[in-house]
Structures are given as C-alpha cells and as structure tokens.
Amino acid sequence: EITHRLRLSVDPNRAAEGIREQIAGALPDLARESGASAIGIGFGGPTNWRTGDIVLSHHVPGWSEFPLGSWTAKIAGGLPTFVDNDANVACLGEAQRGAGRDHSSVFYVTLGSGVGGGFVQDGRILHGGGATETEIGHVRLDRAGTIVESRCSGWAVDQRIRKSITQQPTGELAKLVSTSAAPPATHLAAALATSDPLAQKIIAEIGDDLGFALSHVTQLLSPEVIVIGGGLSLVGAPLIAAIQNGLNPHVMEALQPAPRVHSAGLVEDVVPVGALLLAAQGLAAQT
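Read on for an overview of the structure. (Residues numbered from 1 in each chain as written. Predicted model: local features only at pLDDT ≥ 70, side-chain atom pairs only at ≥ 80, totals over all residues. Heavy atoms only, no water.)

Moving on, we get to helix 2 (residues 68–75). Those residues of helix 2 that sit buried are Leu68, Gly69, Thr72 and Ala73. The arc that holds the buried residues of helix 2, viewed along the axis, is 125°, so those residues lie on one side. Looking at the packing, one finds that the buried side of helix 2 touches helix 1 (15–34), strand 1 (39–43), strand 3 (53–54) and strand 4 (81–85). Within two residues after helix 2, glycine 77 carries a phi angle of roughly 80°, on the positive side. (Buried < 20%, exposed > 50% of the residue type's maximum accessible area, 1.4 Å probe, protein only. Helix = DSSP H or I, 4+ residues; strand = E, 2+ residues; numbered from the N terminus. Arc of directions from axis to C-beta. Contact = heavy atoms within 4.5 Å.)

As structure tokens, then:
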C-alpha cells in the first residue's frame, strides 16, 4: 500500500549527480516519517541486483558502476536496501498486484524512453547468471542490427511520427502533433479514435515488431501472460490488439494459443508497487 508519494522533476543538464542530490535531500525525512524498515529501488537500466550497483544507464550520464544500493542505505540511516532493474521490479508488481496476479509466470515489457523487460515465476523475479537479463529492448529484429528499442521505444515512435507526417501532413495525427508541444506519440490514442489511417499504420507496425520479438520470449520462457506498461502503453486497447496480432502467427504450434497480452493494471504505480514488494521480499529473506 502506498502511503506517501513524492514526485521530483529532473534537470537533464545535471544528469545523475543532480538526481542523487534530490534523493539525498528527500529520502532521510521520508524514511523517518514513514517508519520505513527497508528500501526498494527500480532503476531504469541494467543493474547488478546482487550488489545493488548500477551497470550503466543508456539515457542518463553518470550512473555507470555507481553503488546505488550502499549509497542509498547510507543516507537513509542504514536501512536495508534492495535494487533491481525497473522492468524487473514492475513485473513483480504486475505479477502480484496487477494484470498478472492470477498467473504463475508473467513477462512484462515497458515501452518508455527505452524498452525493458522482466519475468516473474511463482512470485519471484527470474535472474540469470550475469548482471542483467530479459533485456528485450536489445533483442535484434534482423541480422543488420535493428533492435526492438530502435523501433518500439517512445523516442523511436516519436521520430517515426515526425517523419511520417511530413509525407502525410493533412491527417488527424499530423494536425494534433503540429498544434502541440507534447511528444508526438502521446497523440496516437486521440488520432486512433478518429480512425486516422497514419495512426493505424504506425500502431500496426509497432504491433508487428513487438509481437515478433515476443514470439522469441514465448518460445524461450512460455509465459502465461504478457503485460505491457510504460508511457506508450497508454494508447490502450488498439496497441494491445496490434501486439497480440503480431505475436500469434509466430508462436510454435506446441505453445498455441499464444500468451494473452494485457495492459499494465497498476499504470504509473507499477514500479513503486514492485519496489515495495522487492523490499518486503528482501527483508523477509534476511530474517
């Protein structure tokens, strides 16, 4: 249960150092006032869950090899701190409190500035032998090196929309994008509601790419359900249907019917809820 909530605005020019200053300024009082007994962190990038160290960030400079777990514990008065990749943590949240709660095996995909993935089996995050795993955003779609993230992340879709509306400047999607400062992908749902052909084409392409990538996941892990989260997932039912349509034809006969694809049930709370569960599991394992 979330009892306290604090949202901070990041200054991109200050990179990781600025974010750490914000955490250091807010966390001690928050930990004390809430009576916290442990801390859980979902980090947006490859993370060594064993040590709490960050491997790197693909989007924010200054995080590579930073000991986030031990640093956080120190500024919070020594509270036990547990760190994992944000998609892993989100998957834990969805598996226990969201769209995957009635299933024993759940694969989660986050479509945000990047594309991340996580897998939970019987209530526990599946970890591999290295520092990170289930990095579906870096799965290749072809031998030329095209990866899922370069086609299906929010930034990639924004670029695709900007390029497409120069060629089709009269449709509803083009109109919405040209009259707003918001990222282009945020207008997809509204454009789809008007049956805009360009929006429909873009959603179908995203569904084909991500569905194909998820067929590899299905062959390898056979999840009972696949959950889609992140900002792009707010497009809703049209995106989920497109991904399902992209997945079904590529799943081997023995695994048919293909796993059902769902939107994240926890929406924006998916990582915080998962982080709370991560902390609770970590604390329980220590006692």
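So much for the structure itself; the text now carries on.
It is worth spelling out the sheet that holds strand 8 (residues 225–229) at this point. With respect to topology, five strands assemble into an open sheet ordered 7-6-5-8-9, the strand pairing being mixed. The sheet terminates laterally at strand 7 (124–125) and strand 9 (260–263), the two strands that pair on one side only. With seven bridges joining them, strand 5 (residues 105–111) and strand 6 (residues 115–121) adopt antiparallel strand pairing. Directly across from tyrosine 108, in strand 6, lies its bridge partner glycine 118. (Pairing = 2+ DSSP bridges.)

Assignment of secondary structure puts threonine 51 in the loop between strand 2 (47–48) and strand 3. A sequence separation of 83 residues divides threonine 51 from threonine 134, and the C-alpha atoms of the two residues are 18 Å apart. At a separation of 3.1 Å, a polar atom in the side chain of threonine 51 contacts the main-chain amide nitrogen of aspartate 53. (Polar contact = N/O pair within 3.5 Å; in protein donor to acceptor, adjacent residues only side chain to side chain.)

Mapped onto the elements, lysine 163 comes out in helix 5 (residues 154–167). We classify lysine 163 as exposed; its relative accessible area is 58%. In sequence terms lysine 163 and lysine 74 are 89 residues apart; their C-alpha atoms lie 47 Å from each other.

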